[in-house]
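An overview of the molecular structure
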Amino acid sequence: MSLTNIAVVYYSSTGTNYKLAKWAEEAAKEAGAEVKLVRVAETAPEEAIAQNPAWKQHLEETKDVPVASNDDLEWADGFIFSVPTRFGNVPAQVKSFLDATGGLWFNGKLVNKVVSAMSSAQNPHGGQEQTITNLYTTMFHWGAIVAAPGYSDQSVFAGGGNPYGTSVTVDQDGNMQEDVEAAVKHQAKRTVDIASRIHSK
Ligand SMILES: Cc1cc2nc3c(=O)[nH]c(=O)nc-3n(C[C@H](O)[C@H](O)[C@H](O)COP(=O)(O)O)c2cc1C
């Protein structure tokens, strides 16, 4: 019997979603999955990145993380996405990545993939839920099966109670305002569990 394949796909300018993705990677491995952690390619102009030292530093620190590709999506039985809020929506970098999945979609390669998503924003009501549901809208079009956490574990309540997917508030210095580690790990394990039931090998 082969393992369930999970792609943890994240975009992060300043490290928050990288950290969420690393927790998800750890938990998915603990749950027995074969896990690939991949980052969505940075497409912002160098001048823009250079104006924000935290952004520049994070990009430099994570340059060795493999860049996400359609092959990763095809390989995976389930995906865990983690993306920051940009005005209540996914970052342009992530939208570009999603818009490049047309070929996979056309060939039915994303049907029945199990997916869940996480997010962050600077304000507690700054758009995290909207960002996650906007991401899910694309995944509904793929024919993916959204495995939102709901209130399936106490850690969801403790992490702020977002049933759509774990989300966190982060201040300007990059400090997370809620303790969401357990919620992230629960969400990742639940995604592995559901993916393994649907894609039993
Ligand atoms: C262009 C832009 C738009 C943003 N829009 C919002 C917003 O609408 N609400 C909010 O609370 N935070 C907003 N933020 C803050 C980001 O969500 C926050 O920096 C991000 O969650 C940090 O994640 P990261 O460290 O993984 O990059 C915005 C940031 C940028 C750069």
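Note that this is a predicted model, so its numbers are computed, not measured.

Examining the nonpolar core
Membership of the largest hydrophobic core comes to 28 residues, with the highest contact counts inside it found for Val9, Leu73, Phe79, Phe81, Leu135 and Trp142. When contributions to this core are tallied by element, the ones reaching two or more residues are strand 1 (5-10), strand 3 (78-84), helix 5 (92-99), strand 4 (114-121) and helix 7 (128-142). For this core, the element with the highest residue contribution is helix 7, accounting for five residues. Membership of the second largest hydrophobic core comes to 24 residues, among which are Tyr10, Leu20, Met118 and Ile194.

Here we look at the site of the ligand
Close to the ligand lie 17 residues; Ser12, Thr14, Thr16, Thr85 and Ser120 are nearest. Between the ligand and threonine 85 there is a distance of 2.8 Å, counted from an oxygen atom to a backbone nitrogen or oxygen. Protein chains bury 76% of the 640 Å² of accessible surface belonging to the ligand in isolation. Listed by contribution, the elements that provide at least two residues to the shell around the ligand are helix 1 (16-30) and strand 4. Tallied by class, residues from the shell around the ligand come to four nonpolar, twelve polar and one charged.

Quick word on the packing of aromatic side chains
For the structure on display, the rule yields four aromatic pairs. Measuring from centroid to centroid gives 6.1 Å for phenylalanine 79 and tryptophan 142, while their planes differ by 85 degrees, and the two rings are edge-to-face. Remark: tryptophan 142 occurs in helix 7 and phenylalanine 79 occurs in strand 3; sequence separation between them is 63 residues. With respect to burial, phenylalanine 79 and tryptophan 142 carry one shared label: buried.

As for the UniProt feature "domain: Flavodoxin-like" (unreviewed entry) in the protein
Summarizing the sequence annotation, UniProt attributes the feature "domain: Flavodoxin-like" (unreviewed entry) to residues 6-192 in the numbering used throughout. Taken end to end, residues 6-192 is 43% helix and 17% strand, and its first and last C-alpha atoms sit 7 Å apart.

What to know about the pattern of salt bridges
Side-chain pairs of opposite charge can arise whenever the charged atoms involved come near each other. What the rule picks out here adds up to ten salt bridges. Of the charged contacts, one joins glutamate 25 and lysine 22 as a salt bridge, the two residues approaching to 3.2 Å between their closest N and O atoms. Within this pair, glutamate 25 and its partner lysine 22 are both found in helix 1, separated by three residues, close to a single helical turn. Since its relative accessible area comes to 12%, glutamate 25 is described here as buried. We classify lysine 22 as partly exposed; its relative accessible area is 34%. Through salt bridges with shared partners, one network takes in Lys22, Glu25 and Lys29.

Each value, and the rule that gives it
Residues numbered from 1 in each chain as written. Predicted model: local features only at pLDDT ≥ 70, side-chain atom pairs only at ≥ 80, totals over all residues. Heavy atoms only, no water. Core = buried A, V, L, I, M, F, W, Y, C linked by side-chain atoms within 4.5 Å. Buried < 20%, exposed > 50% of the residue type's maximum accessible area, 1.4 Å probe, protein only. Helix = DSSP H or I, 4+ residues; strand = E, 2+ residues; numbered from the N terminus. Near = heavy atom within 4 Å. Polar contact = N/O pair within 3.5 Å; in protein donor to acceptor, adjacent residues only side chain to side chain. Areas by Shrake-Rupley, 256 points an atom, 1.4 Å probe, with all protein chains shown as cover. Nonpolar A, V, L, I, M, F, W, Y, C, P; charged D, E, K, R; others polar. Phe/Tyr/Trp six-rings, centres within 6.5 Å; stacked < 30°, edge-to-face > 60°. UniProt positions renumbered as here; feature names shortened; annotations may be inferred. Salt bridge = Lys/Arg side-chain N within 4 Å of Asp/Glu carboxyl O.

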